[in-house]
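Structure assessment
If you want the building blocks of each chain, they are given just below.
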Amino acid sequence: MSKLYVFGIGGTGARVLKSLSFLLATGVKCNSTSVVPILIDPDAANSDVNQTVDILKLYESIRSKLTFNRETSNQFFKTDISPLNPDFRINIQDSKKKFKEFIDYQSLDKKNKSLVSLLFSEKNLNADLEEGFKGNPNMGSVVLNQFTTSKDFEVFASSFAQGDRIFIISSIFGGTGAAGFPLLLKNIRSASPTLNNHSHLQTAPIGAVSVLPYFGVKKDDESDIEKSTFISKTKAALRYYEHGVNDSVNSMYYLGDKLVKDYDNHEGGVEQKNDGHFVELAAALAVLDFANETDLSTNKIKEFGIENESQNLTFNDLGDKTKSDILKPLSKYYFFRSYLENALVENLNSDFAIRLDIKEQFLNEDFYQKLKKLNKHLWDWLNQMSTNQRGFAPFTLNPENDLFDNIKGLKPHKSIFGINGLKNYERITAGLNKTAKKMNTSESTEDRFMEVFFDTTEKLMAAKYKL
Amino acid sequence: MKDLIANFYELWGGGYLGGFSDQMFNNDLYFPVALYSIIVALAITIIYYYILDRPNTANMKVWMLALLIGAIINAVVAFVSANNDLVEIFASIGEEVPNSFSYDMLMFAFINAIWTLILMFVLSIILKWKSPNSSYIPF
């Protein structure tokens, strides 16, 4: 049983963890038996972080109702997501202060005050830490340096076992991620002997993704966050990473894109709620690439590329490996979610629903309600990615034609006769009826429900697209 | 066998229609109607459960429509078959079919339709199990 501890630092870390949760929900392959997401962000009100926590909780709850053993063919939600603590976050101590209070500025002598003034602006000193570091890694590197003494970090160290892996997600052009990543790495590689399993931590396989600028922010004179500093901050950090980071990790992933879209300029808090972006999906794939990597004996630096330069990517624009990793799981889940949203209620009298005891009462239960909520988040994410720049729009999300025509770039096999002559949701219902007849009805309703949809969509992909 | 089939159509005496029933029994006219009716009922039931079968047809409305079609076809078969055979029989002795037989033929057609409905219900229960989409129709 190997676990993968995934640290998501700052807003980008949270959004990548969100993408990772969705990929795992669709059943994208992950060789780790369990993923332990750990969010690090002092900005308690950050919407991106809070939404990710919601999604992780939904995932955990849905997964807890499912059984996975040798006979289980269902891969939806296969990978266990387990929390280190109930809110999936490392709580930063003293983060409810102003920065100057945190460093005890008032008690410094005149010389030290002058030094501090050299390193931090007046605005930095008066900044409220609860709102994050607003793109200032110089503040973050001071505050985050103490999280290793937190109870949550001790719990992490205690639960870490030989064979487990660590992955760190951060952005290089903001405040929290840029500051937190090198600190976290340093604190793991030189784990204090007072921590349990410190020797395992020091030698642990570590992967990391550093997300280079991939979006901008609109100009706002009131805001501390300024797009024009992104590139210079990135260059400075990369210079440091070259010697201070790259050699300390087993696999280092670099990702970025042209600054195509400017988001509204929010320094943090509830208003920081960026749309899902393809780069975050690619970063989540880096996590999985590391989890599935068998040879970690040498240090590797990896980059991500796409096959075709396009402003609106589809599956055919991705590289072969990426395409083969995500096309089938995402498409299957697309059919699954679409059926649940648009056809399940009308088909509760269908053969499969009666046979598997899927009744209206089941749709009102906690399991289904949470699945519906998670699916709504996933759908929003797909929508956001499709309208973002660079966009990733592999599906038609508001279809009016046959459902099977909606995977862009794939031509479905059509027939006049037999089951493949049926269209749209009726074709899926026919597939569900056929699959349900061969299923083991001794499993729980939740298991049967997921199994019948997984197996049916698997067969649909083969019958319709030869995949 | 002849008696058994006659009993079904004459409802063990309750549906005995006098001269019409005598003609049907004596000339052995019940058997072909029964045979055609069983074939029609079986064919429609098989078509419903295994050929037309699809999720959109797997409901009580379509099933009842199938039964109704079977009943109508067999009512027509009964009426036409009895009428043609009796016209021929009476013509062979230089007579016309009595006028009262028209009502009797309608009754015979109606009874055949009712038996068709019952037969198709029984056949549904027997044949539904292996149907890909309709194995829970009618229940």
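Residues numbered from 1 in each chain as written. Chains lettered and ligands numbered in written order. Predicted model: local features only at pLDDT ≥ 70, side-chain atom pairs only at ≥ 80, totals over all residues. Heavy atoms only, no water.

A few words now on the overall build of chain A. Summing up its helical and strand segments, chain A has 17 helices and 11 strands in all. For chain A, the C-alpha radius of gyration of 24 Å lies close to 23 Å, the compact-globule estimate for 467 residues. Overall, chain A is about 85 × 45 × 45 Å in size when its C-alpha atoms are taken along their principal axes. Taken across its 467 residues, chain A has 57% of its residues classed as buried. Surface exposure of chain A reaches about 19600 Å², of which carbon and sulfur atoms provide 48%. A distance of 3 Å separates the average location of the 58 positive side-chain charges in chain A from that of its 60 negative side-chain charges. (Helix = DSSP H or I, 4+ residues; strand = E, 2+ residues; numbered from the N terminus. Rg over C-alpha atoms; globule rule 2.2 N^0.38 Å. Buried < 20%, exposed > 50% of the residue type's maximum accessible area, 1.4 Å probe, protein only. Areas by Shrake-Rupley, 256 points an atom, 1.4 Å probe, with all protein chains shown as cover. Lys, Arg positive; Asp, Glu negative; His and termini not counted. Charge placed at Lys NZ, Arg CZ, Asp CG, Glu CD.)

All right, on to the pairing of strand β7 (residues 251-255) of chain A then. All names here are of chain A. The buried count for β7 comes to five of five residues, which makes it a mostly enclosed element. Here β7 shows a buried face lined by Ser 251, Tyr 253 and Leu 255 and a second buried face lined by Met 252 and Tyr 254. Of the pairings in the sheet, the one linking strand β5 (residues 206-211) to β7 comprises five bridges and is parallel in character. Considered in β7, the bridge of Val 211 is made with Leu 255. Looking at chain direction, β7 and strand β9 (residues 300-303) are connected through four bridges and run parallel. Residue pairing in the sheet places Tyr 253 in a bridge with Lys 302 of β9. (Pairing = 2+ DSSP bridges.)

Let us now look at the interface of chain B and chain A. Buried accessible area, meaning the area lost when the parts come together, often serves as the stated size of an interface. If you look at the interface, chain B gives nine residues, while chain A gives nine residues. Taking both partners together, chain B and chain A bury about 820 Å²; carbon and sulfur atoms supply 49% of that area. It is Pro 55, Asn 133 and Tyr 136 of chain B in chain B that bury the most area against chain A; as a group they hold 61% of the surface buried on that side. Taken together, the links from chain B to chain A amount to one salt bridge. A salt bridge links Arg 54 of chain B to Glu 426 of chain A; the nearest nitrogen and oxygen atoms lie 2.5 Å apart. (Contact = heavy atoms within 4.5 Å. Buried area = accessible area lost by both parts, 1.4 Å probe. Salt bridge = Lys/Arg side-chain N within 4 Å of Asp/Glu carboxyl O.)

Residues and elements named next belong to chain A. In terms of domains, chain A is made up of domain 1 (3-95 + 132-304) and domain 2 (321-465). The gap between the C-alpha centroids of domain 1 and domain 2 is 30 Å. Across the contact, 37 residues belong to domain 1 and 34 residues belong to domain 2. In this assembly, domain 1 packs against domain 2 so that about 3300 Å² is buried in total across both faces, 67% of it on carbon and sulfur atoms. Considering only the surface of domain 1 that becomes buried against domain 2, Phe 22, Leu 58 and Phe 76 emerge as the three largest contributors, covering 19% of it. Counting the contacts that link domain 1 with domain 2 gives two salt bridges. (Domains from an automatic or database assignment.)

This next bit is on the side chain of Thr 57 of chain B. Residues and elements named next belong to chain B. On the secondary structure map, Thr 57 appears in the loop between α3 (30-51) and α4 (60-92). Relative accessible area serves as the criterion here: at 14%, Thr 57 is assigned to the buried category. In terms of polar contacts, Thr 57 uses its side chain to reach the backbone carbonyl oxygen of Arg 54, at 2.9 Å. Beyond its immediate chain neighbours, meaning those up to four positions away, Thr 57 contacts Tyr 48, Leu 52 and Val 62. (Polar contact = N/O pair within 3.5 Å; in protein donor to acceptor, adjacent residues only side chain to side chain.)

Taking 1.5 Å per residue as the helical rise, helix α2 (residues 47-64) of chain A with its 18 residues ought to reach 26 Å, and the 26 Å between its terminal C-alpha atoms agrees with that figure. For α2 of chain A, the tally of buried residues reaches 13 of 18 residues, placing the bulk of the element in the interior. (Expected span 1.5 Å × (residues − 1).)

Here we take up unusual backbone geometry. Between Gln 389 of chain A and the following residue, Arg 390 of chain A, the backbone shows a cis peptide bond with an omega angle of 0 degrees. Tracing the sequence through the fold places Arg 390 of chain A in the loop between α15 (366-387) and β11 (391-392). In this chain, Ile 137 of chain B is followed by Pro 138 of chain B through a cis amide linkage whose omega measures 10 degrees. By secondary structure assignment, the location of Pro 138 of chain B is in the segment after α5 (100-127). You will see that Phe 77 of chain A, though not glycine, has its phi angle at about 60 degrees, which is positive. Unlike most non-glycine residues, Phe 88 of chain A shows phi in positive territory, near 60 degrees. Inspection of the secondary structure puts Phe 88 of chain A in the loop between β3 (80-81) and α3 (99-102). On the basis of relative accessible area, Phe 88 of chain A is assigned to the buried category, the value being 1%.

Grouped together as the largest cluster of nonpolar side chains are 147 residues, with contacts concentrated most on Phe 7, Phe 77, Ile 166, Leu 371 and Phe 449 of chain A. Examining the composition of this core, we find that 12 residues originate from one element, helix α11 (residues 278-292) of chain A, more than from any other. When residues of this core are assigned to domains, at least three fall in each of domain 1 (3-95 + 132-304) and domain 2 (321-465) of chain A. Not counting residues within four places of it along the chain, the set of residues in contact with Phe 7 of chain A comprises Ile 38, Ile 40, Ile 90, Phe 156, Ile 166, Phe 167, Ile 168, Ile 169, Leu 184 and Ile 188 of chain A. One finds Ala 6, Ala 34, Phe 90 and Val 97 of chain B within the second-largest nonpolar core, a separate group that totals 22 residues. (Core = buried A, V, L, I, M, F, W, Y, C linked by side-chain atoms within 4.5 Å.)

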